[in-house]
Number of protein chains: 2
Amino acid sequence: MKDLGALIFPGFELLDLFGPLEMFGLLPDHYRLHLVAETPGAVASAQGPQAVATVGLAERDSFDLLLVPGGRGTRALVKDKGMLDRIARSCAACDHVLSVCTGSAVLAKAGVLDGRRATTNKAAFEQMMTHGPEVDWVREARWVEDGKFFTASGVSAGMDMALAVIAKLDGMEAAEQVAIWAEYEWHRDADWDPFAKVHGLI
Amino acid sequence: MKDLGALIFPGFELLDLFGPLEMFGLLPDHYRLHLVAETPGAVASAQGPQAVATVGLAERDSFDLLLVPGGRGTRALVKDKGMLDRIARSCAACDHVLSVCTGSAVLAKAGVLDGRRATTNKAAFEQMMTHGPEVDWVREARWVEDGKFFTASGVSAGMDMALAVIAKLDGMEAAEQVAIWAEYEWHRDADWDPFAKVHGLI
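Residues numbered from 1 in each chain as written. Chains lettered and ligands numbered in written order. Predicted model: local features only at pLDDT ≥ 70, side-chain atom pairs only at ≥ 80, totals over all residues. Heavy atoms only, no water.

Scanning chain A from terminus to terminus reveals 8 helices and 11 strands. The C-alpha atoms of chain A give a radius of gyration of 15 Å, which matches the 17 Å a tight globule of 202 residues would have. Seen along its three principal axes, the alpha-carbon backbone of chain A occupies a region of about 40 × 35 × 30 Å. Of the contacts made within chain A by residues no fewer than 6 positions apart, 66% connect residues no fewer than 24 positions apart. Within the structure as shown, chain A displays about 7,200 Å² of accessible surface, and the carbon and sulfur contribution to it stands at 48%. A gap of 6 Å separates the mean positions of the 19 positive and 28 negative side-chain charges of chain A. (Helix = DSSP H or I, 4+ residues; strand = E, 2+ residues; numbered from the N terminus. Rg over C-alpha atoms; globule rule 2.2 N^0.38 Å. Contact = heavy atoms within 4.5 Å. Areas by Shrake-Rupley, 256 points an atom, 1.4 Å probe, with all protein chains shown as cover. Lys, Arg positive; Asp, Glu negative; His and termini not counted. Charge placed at Lys NZ, Arg CZ, Asp CG, Glu CD.)

Structure below.
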């Protein structure tokens, strides 16, 4: 059984968070999900609906997997030195670190992606790159794996990345079964990325 | 501006709810999202993470759109006469009613799909049919539109249906823009359904 801590903060993007959590959550014997925030309590998403953090980062920051979603709330997060320090410490303590969309800008600003390959949202790619000048940003990728870090492109890409993580940790058969349960057409190819072209990145 | 009420109940499926809410939420000038439950407060999903209902059904049941997700919590909901009555009243009061996955079993049991075409989760299709013997169940469909009702197949199908609803209410250009923002490969064809075959329904 693995513990997955999913970070939420005011203005997190709904699908960045709950897309991957759906996939991991379909294997309840393999993953236990925790919503984590600076302090426990209700946190409003970018779209309005609130989720409840049951864990505060000061209380626990070590999980088998850490998931960092994006959303317009990342604009404040990349300026919050205290939270960036806590996130960097949590990344050091976790076996795998996953980000979706602009969540990788948070990881970059926390310094944990320096010297690593990573990707992010394709609509705001150039701007996101400024948060990590030492990161090897990949312009065309659905997701990128580098060591213990998995970074996904925009929003829905988190679901494809989550299935890739499941394939790695639980085997391809488990990932395929999860995709079928969710009636999800999984893009298994990390290089599949029509949105890089839509946004003129290639 | 349209008000969308999304019903949550103990054991709702995360992606059934938050997939469509992501899509509608990307048009904040068009849709205002409300999480609705029997009574306001935190409600645990099938996967564990909790969301917060800000509206109780007794307080408000009339919205421009009502969204009913599925999840294992529907097993209790289809036996809850009080809630089924409230849901039926809410369906009568809303301009559009959307369900995802086993959420259509709840609508069927509430009697609002009698004589209508509808679809549901493909893994539990035969069992779901028993909740609505007077419903014209469609075995092969990503989603089905009949009058004011849109019913989606399992879990991730809700996102494709949400985009179809947006295309209908806001125009195709808006739906295409939302899909690009979410970096989502939209299945625009309501008849696209490889999972009907996977589960031997066709």
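Counting residues at the interface gives 40 residues for chain B and 40 residues for chain A. Between chain B and chain A, roughly 3,000 Å² of surface is buried when both sides are summed, and carbon and sulfur atoms account for 63% of that area. The largest per-residue losses of area from chain B upon contact with chain A belong to F18, E22 and E183 of chain B, which jointly make up 23% of the total buried on that side. Applying the counting rule to chain B against chain A returns 0 salt bridges. Scanning the region where chain B abuts chain A turns up 19 residue pairs in polar contact (both at pLDDT 80 or more). No other element matches helix α1 (residues 14-25) of chain B, which puts 8 residues into the side of chain B that touches chain A. Partitioning the side of chain B that touches chain A into residue classes produces 23 nonpolar, 11 polar and 6 charged. (Buried area = accessible area lost by both parts, 1.4 Å probe. Salt bridge = Lys/Arg side-chain N within 4 Å of Asp/Glu carboxyl O. Polar contact = N/O pair within 3.5 Å; in protein donor to acceptor, adjacent residues only side chain to side chain. Nonpolar A, V, L, I, M, F, W, Y, C, P; charged D, E, K, R; others polar.)

For the rest of this paragraph, the subject is the sheet that holds strand β4 (residues 50-53) of chain B. Reading across the sheet, the 4 strands line up as β3(A)-β4(A)-β4(B)-β3(B) and stay open at both edges, with antiparallel pairing between neighbours. Edge positions in the sheet fall to β3 (41-44) of chain A together with β3 (41-44) of chain B, since each of these pairs with one other strand and no more. In this sheet, neighbouring strand axes are inclined to one another by 40° on average, regardless of whether the strands run parallel or antiparallel. By the bridge criterion, 3 bridges tie strand β4 (residues 50-53) of chain A to β4 of chain B in an arrangement that is antiparallel. Bridge pairing in β4 of chain B places V52 of chain A opposite Q50 of chain B. (Pairing = 2+ DSSP bridges. Axes fitted to C-alpha atoms, helices over the stretch in contact; angles between N-to-C directions.)

Turning our attention to the relation of the copies chain B and chain A. Least-squares fitting of chain B to chain A yields an RMSD of 0.0 Å, with the transformation described by 0.0 Å of translation along the axis and a rotation of 180°. The two molecules are tied by a two-fold rotation axis, judged by turn and shift. Closest approach to the rotation axis within chain B is made by the C-alpha atom of A51 of chain B, at a distance of 2.1 Å. In this assembly, 100% of the residues forming the interface of chain B have copies in chain A that are likewise at the interface, indicating an isologous arrangement. (Least-squares fit on C-alpha atoms with pLDDT ≥ 70 in both.)

In this section: the packing of aromatic side chains. Under the definition given, this model contains 9 aromatic pairs over all chains. Ring centres of W192 of chain B and F195 of chain B lie 6.4 Å apart, and the angle between their planes is 85°; on these two criteria the pair is classed as edge-to-face. Put simply, the rings of F12 and F18 of chain A together with F12 and F18 of chain B touch in pairs and so form one group of aromatic residues. (Phe/Tyr/Trp six-rings, centres within 6.5 Å; stacked < 30°, edge-to-face > 60°.)

Do not read the fine detail of predicted coordinates wherever pLDDT is low. Looking at chain A as a whole, its pLDDT mean stands at 97, while 100% of the residues score no less than 70. In the predicted complex, the global pTM is 0.97; the interface-specific ipTM is 0.97. (pLDDT = per-residue confidence, 0-100.)

Let us look at the sheet that holds strand β5 (residues 55-56) of chain B. All names here are of chain B. Taken together, 7 strands build an open sheet; the order of strands is β5-β2-β1-β6-β7-β11-β10 and the sheet is mixed. Of all strands in the sheet, those with a lone pairing partner are β5 and β10 (143-146), marking the two edges. Pairing of β10 with strand β11 (residues 149-152) involves 4 bridges; the strand directions are antiparallel. Bridge assignment links V144 to a residue of β11, and that residue is T151.

So, about the environment of D29 of chain B. Residues and elements named next belong to chain B. Along the chain, the position of D29 falls in the loop between α1 and β2 (31-37). Its relative accessible area of 65% is what places D29 among the exposed residues. Between the alpha carbons of D29 and K2 there is a distance of 8.8 Å; along the sequence they are 27 residues apart. (Buried < 20%, exposed > 50% of the residue type's maximum accessible area, 1.4 Å probe, protein only.)

Here the focus is α1 of chain B. Residues and elements named next belong to chain B. Between its terminal C-alpha atoms α1 stretches 16 Å, which fits the 16 Å expected from 12 residues at 1.5 Å a residue. Counting buried positions along α1 gives 12 out of 12 residues, so the element sits mostly inside the fold. Looking at α1, one finds that the buried residues are L14, L15, D16, L17, F18, G19, P20, L21, E22, M23, F24 and G25. (Expected span 1.5 Å × (residues − 1).)

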